[in-house]
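Spelled out from the first residue to the last, the chains are:
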Amino acid sequence: MPNRTTRNGERHRPTLATLLATLTATLSLTACGSSHPADDSPASPASPATPQPRTEAPGPSISAADGADIGACADGNCEVAVTRPATVRFQAPGGTVALSIAEVGQEKIEYEVKSGNGQTKGGTTGAGQGCVTALRENGSGTSCGGMSGTRPSARPGAVVIQASTGPDGTALLHVVTP
C-alpha cells in the first residue's frame, strides 16, 4: 500500500482497520482465482432436500457363518440369515429334502419340510423363539418354543433343522446332517 501524505506534508499512516480490510480483500481475490482451466461442463443440479429411497434390499441384521446365502444349505449343512421366502433342496438319509421358508418377518418364521413321503411344518413368533425339526428315515418331529441360543448338533441318522426368529425381519436358519 503506497504511503500517502496529508495536506500538511506529513506522512499518513494506515490504521489497523485499513490494513485488515486491505488484507481481507487481497485474500478474497486470491481465493477466487484458480489455476485450473474453466470447466465447460454443465453445472450439476443441487442435491434434493429429501433423501432418496434405497433401491437395494436391506441386509440381514443377524450375522451367520454362511451369510445370507440360502444356497449354502444345498449340501445339508449351513447357518444362514434369512430375510425372505426361499426353498432349498438337499440329500438326507431318507432321500431328498425340500426345505421351504414360507414367511419371515419381525420376530417371525414359518417353514415347511418335505422328505420322502412325509412333511412337517414349523413356525413361531416372538423374541427369542424358534423351532427344531428332526428328520429321520422313518419319521420327523418338530418342537417350537424359546431358544437358548445353542446351535443344533449332528445326530446319527437324522437331519436337524433349527429356525430362530430375529429382529428386523431376519431369522437364523441352521441345517445339520449326519
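Now for a description of the structure that goes with this document.

Conventions and cut-offs
Residues numbered from 1 in each chain as written. Predicted model: local features only at pLDDT ≥ 70, side-chain atom pairs only at ≥ 80, totals over all residues. Heavy atoms only, no water. Core = buried A, V, L, I, M, F, W, Y, C linked by side-chain atoms within 4.5 Å. Buried < 20%, exposed > 50% of the residue type's maximum accessible area, 1.4 Å probe, protein only. Helix = DSSP H or I, 4+ residues; strand = E, 2+ residues; numbered from the N terminus. Contact = heavy atoms within 4.5 Å. Salt bridge = Lys/Arg side-chain N within 4 Å of Asp/Glu carboxyl O. Pairing = 2+ DSSP bridges. Axes fitted to C-alpha atoms, helices over the stretch in contact; angles between N-to-C directions. Disulfide = S-S within 2.5 Å.

On to the nonpolar core. In terms of nonpolar packing, the biggest core is built from 23 residues, with Leu99, Ile101, Tyr111, Ile161, Leu173 and Val175 touching the most fellow members. Those elements that place two or more of their residues in this core are β3 (78-82), β4 (86-92), β5 (95-105), β6 (108-115), β8 (129-136), β10 (158-164) and β11 (171-176). A total of four residues in this core trace back to one element, the largest contributor, which is β5. Residues within four places of Val175 in sequence aside, it is in contact with Cys73, Gly76, Asn77, Cys78, Phe90, Leu99, Val159, Val160 and Ile161.

So, about the pattern of salt bridges. If you walk through the whole model with that rule in mind, you get three salt bridges. The partner of Glu79 in a salt bridge is Arg151, with the nearest N and O atoms 2.8 Å apart. Taken as a pair, Glu79 in strand β3 and Arg151 in the loop between β9 (139-146) and β10 lie far apart in primary sequence, 72 residues in all. With a shortest N-O distance of 3.7 Å, Lys108 and Glu110 are connected by a salt bridge.

Let us look at the sheet that holds β5. An order of β4-β5-β6-β7 is seen for the four strands of this open sheet, with the pairing classed as antiparallel. Of all the strands in the sheet, the pair left with one neighbour each is β4 and β7 (118-125). Neighbour-to-neighbour, the strand axes of the sheet open up by a mean angle of 15°, direction not taken into account. Judged from the eight bridges that link them, β5 and β6 form a sheet pairing that is antiparallel. When the sheet's bridge partners are listed, Val104 is paired in β6 with Ile109.

Evaluated as defined, the whole model comprises two disulfides. Disulfide pairing places Cys73 opposite Cys78 at an S-S distance of 1.9 Å. Of note, the bridge from Cys73 to Cys78 carries an S-S torsion of about 80° and is right-handed in sense. Each member of the pair, Cys73 as well as Cys78, carries the same accessibility label: buried. A sulfur-sulfur distance of 2.0 Å marks the disulfide that ties Cys131 to Cys144. Between Cys131 and Cys144, the S-S torsion sits near 105°, and that sign places the bridge as right-handed. Residue Cys131 is found in strand β8, and its partner Cys144 is found in strand β9; the two are separated by 13 residues along the sequence. By relative accessible area, which is 40% here, Cys144 ends up partly exposed. Each bonded cysteine in the protein gets a number by its place in the sequence, and the pairs come out as 1-2, 3-4.

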